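# Observations on chain architecture
Below are the chains, spelled out letter by letter.
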Amino acid sequence: MVDEDAGRMPDWLVVRRDAALDVPGAVVLAGATTRTRAGLFAALAAVLALPAYLGDTWDALSDALRDRLDAGPLTLLITDADQLLVDEPSDQYGLLLTVLGNLAASAPNPLCLVLNEAAL
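Below or above, wherever it landed, is the structure these notes cover. (Residues numbered from 1 in each chain as written. Predicted model: local features only at pLDDT ≥ 70, side-chain atom pairs only at ≥ 80, totals over all residues. Heavy atoms only, no water.)

## Examining helix α2 (residues 58-71)
This is how the line gets drawn: Numbering of helices and strands starts at the N terminus; helices are DSSP runs of H or I of at least 4 residues and strands are runs of E of at least 2. A helix is expected to span 1.5 Å multiplied by its residue count minus one. Note on exposure labels: buried denotes an accessible area under 20% of the residue type's maximum, exposed denotes more than 50%, and partly exposed covers the range between, all computed with a 1.4 Å probe on protein chains only. Contacts between residues were defined by any pair of non-hydrogen atoms, one from each residue, lying within 4.5 Å.
Its 14 residues place the ends of α2 20 Å apart at the C-alpha level, agreeing with the 20 Å of an ideal helix rising 1.5 Å per residue. Within the span of α2, buried status applies to W58, A60, L61, S62, A64, L65 and L69. As for α2, its buried residues are in contact with α1 (37-48), β3 (74-79), α3 (91-106) and β4 (111-116). Looking one or two residues beyond α2, the residue adopting positive phi is G72, at roughly 160°.

Spelled out as structure tokens, the structure:
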């Protein structure tokens, strides 16, 4: 996702290729667990202790993450990010970025998504 006005990535999104990437305080998700939307939602629910009523829609995820961001900042690090939603139609990746971008712009605390594909 590129900020069309500035021709650069938005501040809340970081894309890296670093085998030794360490992001202090980040909640880490393995790319292999995020290949599907259901897998992504389950992984987020597990690591963030999201409510059981999360559901499986982007709106439900947005609501749960907004509640989480009410409590403080959140940094998500997805390792092997080239695996993120690869088993879903391509629009699902765009929907994820839209949801997170909307949250980053409107939540009371900062949200950061770090997508890391380990260097070869």
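From this point, the narrative continues.
## Here's the deal with the sheet that holds strand β1 (residues 13-16)
Strand pairing in a sheet relies on backbone hydrogen bonds, with the paired strands running either antiparallel or parallel. Note the cut-off: Pairs of strands are assigned from DSSP output, requiring at least two bridges between the strands. Note on geometry: axes are C-alpha line fits, over the in-contact stretch for helices, and angles between N-to-C directions span 0 to 180 degrees.
Spatial strand order, β1-β4-β3-β2: four strands in an open sheet with parallel pairing. Where the open sheet ends on each side, the last strands, each with one partner, are β1 and β2 (27-30). Taking the axes of each pair of neighbouring strands and ignoring which way they run, one obtains an average angle of 20° across the sheet. Of the strand pairs in this sheet, β1 and β4 are connected by four bridges, and their pairing is parallel. Paired with L13 across the strands is L113, a residue of β4.

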